[in-house]
Amino acid sequence: MTPDFTPVSPGHGFVPCVLIPVYNHPMHIRRIVDTLVAKGIPVLLIDDGSDAPTRAVLEAILVTHAGAVTLERLPQNLGKGGAVTHGLLRAHALGYTHALQVDADGQHDLADVPVFLDAALAYPDAVICGTPLYDASVPKGRLYGRYITHFWVWVETLSFDIVDSMCGFRVYPLKATSAVLSRHRPPARMAFDTDILVRLHWRGVAIHNMRTRVVYPENGISHFKMVGDNIGISLMHTRLVLGMIPRAPALIWRKLRRPATQDATAKRASLDVDVAWWRRPERGSLLGMRLLAIACRCFGLGAARACLVPVVAYFALKDVTARAASRDYQQRLRNAAPEISLPRPTFWHTFRHLQAFANAALDKFAAWSGLLGERHVQIEDPAILDNAASDSRGALVIGSHLGNLEMTRALARSRGIDRIHAVVYTRHAQRFRSVLHGANRDFADNLIEVDDIGPATAIMLRERVDRGDWLVIVGDRVPSNDEGRTVQASFLGAPAPFAQGPFILAALLECPVYLLFCLRDKTSYRLYFERFADIVELPRGNRENALRIYAERYAHRLEYYCRRYPMQWFNFFDFWRGKSPQ
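Definitions and limits used
Residues numbered from 1 in each chain as written. Predicted model: local features only at pLDDT ≥ 70, side-chain atom pairs only at ≥ 80, totals over all residues. Heavy atoms only, no water. Phe/Tyr/Trp six-rings, centres within 6.5 Å; stacked < 30°, edge-to-face > 60°. Helix = DSSP H or I, 4+ residues; strand = E, 2+ residues; numbered from the N terminus. Buried < 20%, exposed > 50% of the residue type's maximum accessible area, 1.4 Å probe, protein only. Axes fitted to C-alpha atoms, helices over the stretch in contact; angles between N-to-C directions. Parallel < 35°, antiparallel > 145°, perpendicular 65-115°, else oblique. Left-handed = near helix turned anticlockwise from the far one by under 90°. Contact = heavy atoms within 4.5 Å. Nonpolar A, V, L, I, M, F, W, Y, C, P; charged D, E, K, R; others polar. Disulfide = S-S within 2.5 Å. Pairing = 2+ DSSP bridges.

## A closer look at the packing of aromatic side chains
In total, this model carries 30 aromatic pairs according to the counting rule given. Ring geometry for Phe532 and Tyr550: centres 6.2 Å apart, planes at 45°, overall tilted. With Phe532 in strand β16 (residues 525-533) and Tyr550 in helix α19 (residues 543-564), this residue pair connects regions lying 18 residues apart in the sequence. On the basis of relative accessible area, Phe532 is assigned to the buried category, the value being 6%. The interplanar angle of 80° and the centroid separation of 5.5 Å between the aromatic rings of Phe575 and Trp576 together place this pair among those described as edge-to-face.

Here is the structure:
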C-alpha cells in the first residue's frame, strides 16, 4: 500500500508523529492506528491508566505494528491534559519536530491527516489548529457551549486568530510547545486544549486554522465530567484573563505591527482545508431560522432584515472560509471589471456581501409565504419567456448562485404552474429547506432531489422533459462527489472549474436550453431569461472541446451579470481553487 504521506528524514528538519492519548477507548483505537500506519506516519500512544481490556488492545496493536508504534504507559490516570503533556514532551525527546494530536474516540477525520501535516511542513513554526465541521451527530449542548469558550479566548488573546480552541485535532511545533510546558503546568483534564493554545499565542506562535470534519460516533465514550470539568474550564478562563491583563499592551502592539499583507484572516483562509462545498455543514440553527421566519410573518420583511444584521455580523467574524471567499471574489471582479470602479474589498464589503446573501435567503421564505409576489419581479424581454412557455416541449434551464433562483419557482407555484422542477442535491441546506416547506406545503412538490446525476437519474429526467416539464439546474457548482467531472473556463480573469453535468445532461435530454438569472434591484427583482442553445451537441470525436466551448459561453454570461450585480454571487468557497489575486 502506498502511504498518503511520505515521512521526511531528520536531515530535512521535519519529523512528525501522531500523538494519541488513550483512556478506556478500546472500540476505535485499532482502526485509527491501522489507518495512520498505512499512511506512513509513526504513532505515539499514551496509555493514560486504562483498564485491562484497553491495555490488551494496545498490546496487540504494538505487536502488529512493531517499529511504527511507540507505547507509553502512565501508572495512573492523569486526565487528557496530563496525558497529552507527557506525550508532547516525550515526542520531543524522541527527536520528533511536530506532533499531530488525534483523539482515540473516533471523532476525527483521518483523511485530513496528510493535509494537516503538509500544512505543518509548509509552516513549521505554527500550530495547525483544527476547526470542526460538525454533522447532525453533535450534541447541541456541546455545540452551543463552545461559544462561551470562543468568546473568552477572543478576550484572552485580544484577537480572532483562534477560531476554535477546543478541537483536539491539531499539529504542535514541539520546540515551541516544549518551551511553554517547561515554564507552565497546564490543566490536567479537558481545559488543556484551550489553555495551551492561548499560551502559545501569547508566546507569538502563529495559529493557522484548518477545517476538519468531526463526528460523534454512536455509543461513543466521553470522559467529560459535567460539573468538575466545567469548574476547571471556568478557573482556566479566570487565570487566562488575569494573565492577559499584563500582556495586553504587547498583544495590542503585536496586532498593530502586523503588516496588512499578512492579515490574519487571509492567512488563516489560505490554509483552510479544501473541504468540498457539499461537505461543509449547513450554517445556522433550525431554531434560529424558524424564529426569523416568525419575525418575518408577524412584523414584516423590514423587521426581519433588521434582525439579520447582528446574525450576519456574527458569521462575518466567525466564518473565515466565507469571508476569504468573498474577498477573493470581490478582488477578482475588481481586477476584471475596472469600469465599475469597485473599491478594494474590506471587512465592510464582505459584511455587505454576506448581508445580501442573508437577505436573498429571507426573500425566498417571503416568496413562498406570499409576502413577495409578481409585483415585485420585472421580466426583461418577456417575449422570450412567453415563446418558451407556449412551446409544448420540455426545456433545461441553467441557473446559478447569482441572485435568487428560488424566487422564480415560488412565483410559478403561486400561479399554478407545475411544469417547472428544480434539480437539487440532497446533501445540502436541509434545515433551510424544512423552513421553506413550513412556509408553503407546495415547496417540495416540484423539487427533484438527487445525490448525483448518473444514468438512472438522467433517464428519469428525460421522461419528465418528454412530457413537457422544465428542469432547472445550477451551472456554477462542481458536482457533489469527489469524482465529479469539471471543465476549465475563464471566469473573472482566471480559469475556474465548471461542472460538465449540465451540458452533458442537456445533450442527453435533446431539448432547448435557457439561462435564467433573477437579480435584486433596490426595491424589486429583475428576471433575465435568455436562450442558450436550441440543442446541445457533443460530437463523439470532439466532446471535450465542445464541453469547453459551452462552459465558456455559460461563464461569459455569468460574468456579465456579476459585473452588473456585483454583490449577488453567493458561492462562499474557493471557487477558483487557486491563489487569490492581489
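Structure's up, so let's keep going.
## Observations regarding the packing of helix α1 (residues 29-38) against helix α2 (residues 52-64)
Remark: α1 packs on α2, axes separated minimally by 10 Å, with the N-to-C direction vectors making an angle of 20°. Classified by the angle between their axes, α1 and α2 sit roughly parallel to one another. Here the hand of the crossing between α1 and α2 comes out right-handed. On α2, the residues that touch Ile29, Arg30 and Val33 of α1 are Val57, Leu58, Ala60, Ile61 and Thr64. Residues that form the contact of α1 with α2 fall into these classes: six nonpolar, one polar and one charged.

## Quick look at the state of the cysteines
Evaluation of the coordinates by the stated rule reveals zero disulfides. For Cys129, which is in no disulfide, the shortest distance to another cysteine sulfur is to Cys167 and amounts to 6.7 Å. What makes Cys129 buried here is its relative accessible area of 0%.

## Some details on the environment of Pro495
Along the polypeptide, Pro495 turns up in strand β14 (residues 494-499). Taking the C-alpha atoms as reference points, Pro495 and Arg577, separated by 82 residues in sequence, lie 9.4 Å from one another.

## Describing the pairing of strand β13 (residues 486-491)
Residues Val487, Ala489 and Phe491 point to one face of β13 and are all buried, whereas Thr486, Gln488 and Ser490, pointing to the other face, are not buried. Sheet analysis places β13 next to β14, joined by six bridges and oriented antiparallel. Residue pairing for β14: Thr486 is matched across the bridge by Ala499. Adjacent in sequence and paired antiparallel, β13 and β14 are bridged by two residues, among which Leu492 carries a positive phi angle near 55°.

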